[in-house]
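Inside the fold
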Amino acid sequence: MTKFLFMALSCVFVACGSTGSKQTTSDAPAVQRQAPATNVPAFNADSAYAYVANQVAFGPRVPNSAAHKACGDYLASELARFGAKVYQQEATLTAYDGTRLESRNIIGSFNPDMDKRVLLFAHWDSRPYSDHDPDPAMHKVALDGADDGASGVGALLEIARLVGQKSPSVGIDIIFFDAEDYGTPEFVDTFTPDTWCLGSQFWAKNPHVPNYKAEYGILLDMVGGKNATFFKELQSVRFAAPIVEMVWSAARDLGYGKYFINANGGAITDDHQYVNAGRGIPCIDIINYDPETETGFPAYWHTQKDNMENIDRETLKAVGQTVLHVIYQE
Ligand code: AHN
Ligand code: ZN
């Protein structure tokens, strides 16, 4: 009843232009426009930025390295500090070249006994190669992964901190997947399927609790870049269109339409695909997509330039506040 009233009011506000939203176009039906939620905590961008910087400060989080181990311990202890029930799922996974990767998926559950759950995830490992670097001498050198890896985890740690302070009315699971970014490099000719996203592939077959289920899932991948643009990723649109619309319209209502572009992007192989296919959970990917570059990713993607210089608090805020809005309206 109150929900309908709120929706009616929000439509009136939109109609008379008093919400401050600058977007004039919409492909979402009006019924999906959300009530102006007043119970949503404020995402602290400085806090998220610090969680990103802290990860990068360990050095590249390449599986089997000391930095990887130390950062994994840090992430697990932060989730525990925020009040989550923490699961650490260790597995030896095999890379494209046969390397055995000592991997760890790190899971924080809030209100683990609640039936209705939302899954939020990101990968926490960083790529062992800068195989898109303009300098060939860098192709086999590990990168910082400030955006590619650390940004999604940093935003989710800030969300975890807030969820721990004041619970939404659904259970929240936050998964930091390992071994996402050890996929076949550009300098190798052989094609092996499914070499990316090894941690999420493992989890999809071996969830941390039997028959794990969530209403939907949201993947954050490269969510910290300055002037990032999040187009509607095509696999997300195919498998979870209502979730895409819910998230993009929440972003628009919050005034983040310059980041969340109301147009389709490319199809991207990413952790959401395996969670979707393996567990039947409709998942979307919020990922920085640049239609102007050859790869579809920002120019610093998989180069030495994926460092803290590209990380912008405003982008982290746009993504984090949007995700909070979505989970607190449940
Ligand atoms: C591929 O490059 C096949 N997928 C992109 C997944 C990814 C890598 N996201 C971050 N790094
Ligand atoms: Zn990557």
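Residues numbered from 1 in each chain as written. Chains lettered and ligands numbered in written order. Predicted model: local features only at pLDDT ≥ 70, side-chain atom pairs only at ≥ 80, totals over all residues. Heavy atoms only, no water.

Quick notes on the packing of aromatic side chains
Tallied over the full model, the rule gives 13 aromatic pairs. A ring pair is formed by Phe-230 and Phe-260, whose centres lie 5.2 Å apart and whose planes are at 50°; its orientation type is tilted. Within this pair, whereas Phe-230 is found in strand S6 (residues 230-232), its partner Phe-260 is found in strand S7 (residues 260-264), the two being separated by 30 residues in sequence. The aromatic ring of Phe-187 is capped on one face by Lys-140, whose charged end is 5.0 Å from the ring centroid. When the ring centre of Tyr-49 is taken as reference, the NZ or CZ atom of Arg-313 above it lies at 3.8 Å. (Phe/Tyr/Trp six-rings, centres within 6.5 Å; stacked < 30°, edge-to-face > 60°. Helix = DSSP H or I, 4+ residues; strand = E, 2+ residues; numbered from the N terminus. Lys NZ or Arg CZ within 6 Å of the ring centre and 35° of its normal.)

Some points on the environment of Asp-73
Looking at the element boundaries, Asp-73 is found in helix H3 (residues 66-81). On a C-alpha basis, the gap between Asp-73 and Ile-106 in space is 9.3 Å, while along the polypeptide they are 33 residues apart. A distance of 2.9 Å separates the side chain of Asp-73 from the side chain of Lys-69, its partner in a polar contact. (Polar contact = N/O pair within 3.5 Å; in protein donor to acceptor, adjacent residues only side chain to side chain.)

Regarding the packing of H3 against helix H4 (residues 146-165)
Here H3 crosses H4 at 20°, and the two axes come no closer than 9 Å. Considering the angle they form, H3 stands roughly parallel to H4. H4 is crossed by H3, and the crossing has left-handed handedness. Contact residues: Tyr-74, Leu-75, Glu-78 and Leu-79 in H3; Val-153, Leu-157 and Ala-160 in H4. Residue composition of the contact of H3 with H4, grouped by class: 6 nonpolar, no polar and 1 charged. (Axes fitted to C-alpha atoms, helices over the stretch in contact; angles between N-to-C directions. Parallel < 35°, antiparallel > 145°, perpendicular 65-115°, else oblique. Left-handed = near helix turned anticlockwise from the far one by under 90°. Contact = heavy atoms within 4.5 Å. Nonpolar A, V, L, I, M, F, W, Y, C, P; charged D, E, K, R; others polar.)

Some details on empty space enclosed by the protein
This model, assessed by the stated rule, comprises 1 cavity of 30 Å³ or more. Considered as a void within the structure, the largest cavity measures approximately 30 Å³ in volume. Around the largest cavity, the lining residues are Gln-89, Ala-91, Leu-93, Ser-103, Arg-104, Asn-105, Asp-178, Gly-199 and Phe-202. Elements with a minimum of two residues in the lining of the largest cavity: strand S1 (85-94), strand S2 (100-110) and helix H5 (198-205). Residues that form the lining of the largest cavity fall into these classes: 3 nonpolar, 4 polar and 2 charged. (1 Å grid on protein atoms, 1.4 Å probe; cavity = no way out; pocket = protein on both sides within 12 Å on 5 of 7 lines; lining within 4 Å. Points joined across faces, edges and corners; volume = space filled by probe spheres on them.)

A look at the coordination of the zinc ion (ligand 2)
At 1.9 to 2.4 Å from the zinc ion (ligand 2) lie its protein donor atoms, namely Asp-148 (OD), Asp-181 (OD), Asp-181 (OD) and His-302 (NE2). All donors to the zinc ion (ligand 2) come from one chain, and their sequence spacing reads D-x32-D-x120-H. Of this pair, Asp-148 sits in helix H4 while His-302 sits in the loop between strand S8 (283-287) and helix H8 (313-328), and the two are 154 residues apart along the sequence. A residue is classified by how much of its surface remains accessible, and Asp-148, at 2% relative accessible area, is buried. (Donors = N, O, S within 2.8 Å, 3.2 Å for Na, K, Ca; no water. Buried < 20%, exposed > 50% of the residue type's maximum accessible area, 1.4 Å probe, protein only.)

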